[in-house]
Amino acid sequence: MRRGWEFWLGSLFIALAVCLIAPAYWYDGWRTVIASVGASTAAFAVVGAALISYEGAVAKVRNDRETERLNAEKRSDSLALRAQLAAEILESEADAVIDALLQLGETHTMFSHKTVYVADTNFEQPKELEVYWDSILDLPPECAQQLKRIKAMFATYSRLHNGFKEIHSNPTAPTSETELRLTALSNCAKRIRAAAAELGAILAQSRTHGSAAARSIV
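Residues numbered from 1 in each chain as written. Predicted model: local features only at pLDDT ≥ 70, side-chain atom pairs only at ≥ 80, totals over all residues. Heavy atoms only, no water.

### Let's talk about the overall build of the protein
Counted only if it meets this: Strands are runs of DSSP state E lasting at least two residues, helices are runs of H or I lasting at least four, and both sets are numbered from the N terminus onward. Working definition: with a 1.4 Å probe on protein chains only, accessible area under 20% of the residue-type maximum means buried, over 50% means exposed, and in between means partly exposed. Throughout, a residue-residue contact means that at least one pair of heavy atoms, one from each residue, lies within 4.5 Å. For accessible areas, the Shrake-Rupley method is used with a probe of radius 1.4 Å. Any residue's cover is judged against the shown protein chains and nothing else.
Assigned secondary structure in the protein consists of 6 helices and 0 strands. The helix and strand sequence of the protein, counted from the amino end, reads α-α-α-α-α-α. Across the 218 residues of the protein, 31% fall into the buried class. In the protein, the share of contacts with a sequence separation of at least 24, taken over all contacts with a separation of at least 6, comes to 76%. A total accessible area of about 13,700 Å² is found for the protein, and carbon and sulfur atoms account for 61% of it.

Below, the structure written as structure tokens:
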């Protein structure tokens, strides 16, 4: 536990009092001097003892604050690690959706060698990422902004996907219109993937800086 300035100043006062009184044991002349300033010498010791006592009282408060700060850093680091994993999952799911959209586009041009359904292009925000909205204030500000962007992008994708399903289910809809909707969905999914990759990079960087700061404190 780190000692506060009160402890060292109090110790100094007590040491000064002892240094003033100790020679009187051997020198009679010094006893006379000490007797004339005895109250002042005793005051040094009293003030020193009071400072040490005060330091002991506030030491627990300081220690509790330091412990709380370190625990908060650990929670933040753990949260960032789990959010980073969620961002990686989002990247992987985005890749699967982008591939499904590509395959579905090829189906319309008769070049697909894989059966793809409209349901395969459904893209929702992973539950792993959704839970961090409750703890968004515990994340770095850059991460919070990125989460907002991703949430907005998912809302856009959902709107585009609903429109695409209506067009796709309409047998009289022009092929060009379907292709335009597929392109819009693919572009949106790519933006979500890019945002997820950026979020992961920000989280990794914040964890690196946080670990370095914790090591410097230790």
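### A closer look at the packing of aromatic side chains
This is how it is decided: Whether two aromatic rings pair depends on their centres lying within 6.5 Å, for rings of Phe, Tyr and Trp, where Trp uses its six-membered ring; planes under 30 degrees apart make the pair stacked, over 60 edge-to-face, and the rest tilted.
Tallied over the full model, the rule gives 2 aromatic pairs. Relative to Tyr157, the ring of Phe123 has its centre 5.6 Å away and its plane inclined at 90°; by these criteria the two rings are edge-to-face. Of the two residues, Phe123 is situated in the loop between helix 3 (38–108) and helix 4 (127–130) and Tyr157 in helix 5 (residues 141–168); the sequence distance between them amounts to 34 residues. With relative accessibility at 4%, the residue Phe123 sits in the buried group.

### Observations concerning the pattern of salt bridges
Threshold: A side-chain nitrogen of Lys or Arg and a carboxyl oxygen of Asp or Glu constitute a salt bridge if their distance falls within 4 Å.
Inspection of every chain in the model, using the stated rule, returns 5 salt bridges. Between Arg69 and Glu66 there is a salt bridge whose closest N-O contact spans 2.6 Å. You can see Arg69 and its partner Glu66 sitting in helix 3, 3 residues apart, about one turn around the helix. Assessed through its relative accessible area of 29%, Glu66 is described here as partly exposed. A salt bridge links Glu177 to Arg181, with the nearest nitrogen and oxygen atoms 3.0 Å apart.

### Quick notes on the nonpolar core
Using the following cut-off: We call a set of buried Ala, Val, Leu, Ile, Met, Phe, Trp, Tyr and Cys residues a nonpolar core when their side-chain atoms join them within 4.5 Å.
Residues Leu90, Phe123, Leu129, Tyr132, Tyr157, Ile192 and Leu199 are the most contacted members of the largest nonpolar core, which totals 38 residues. The set of elements that each furnish at least two residues to this core consists of helix 3, helix 5 and helix 6 (175–217). Among the elements that make up this core, the one with the highest residue count is helix 3 (12 residues). If sequence neighbours within four positions are ignored, Phe123 has contacts with Leu90, Glu93, Ala94, Val97, Phe154, Tyr157 and Ile192.

### Quick look at the environment of Asp77
Within the element layout of this structure, Asp77 appears in helix 3. Considered as a pair, Asp77 and Ala204 are 127 residues apart in the sequence and their alpha carbons are 9.9 Å apart.

### Overview of the confidence of the model for the protein
Worth spelling out the cut-off: Each residue carries a pLDDT score, the predictor's own confidence in it, on a scale running from 0 to 100.
Considering every residue of the protein, the mean pLDDT works out to 76; 74% of them sit at 70 or more. Confidence, read as mean pLDDT per element, is least for helix 2 (residues 28–36) in the protein (67) and greatest for helix 5 (88). Counted against residues more than four places away or in other chains, residues 211–218, with its pLDDT under 50, gives 6 contacts.

### So, the side chain of Thr121
Our working rule: Pairing of N or O atoms within 3.5 Å defines a polar contact, subject to two protein rules: one partner must be a possible hydrogen donor and the other a possible acceptor, and residues neighboring in sequence count only if both atoms are side-chain atoms.
Checked against the element boundaries, Thr121 lands in the loop between helix 3 and helix 4. A residue is classified by how much of its surface remains accessible, and Thr121, at 0% relative accessible area, is buried. At 2.8 Å, the side chain of Thr121 and the side chain of His161 are in polar contact. Setting aside chain neighbours within four positions, we find Thr121 in contact with Val97, Ala100, Leu101, Leu104, Tyr157 and His161.

### Some thoughts on the environment of Asp99
Along the chain, Asp99 turns up in helix 3. Asp99 sits 22 residues away from Thr121 along the chain, and the two C-alpha atoms are 8.8 Å apart.

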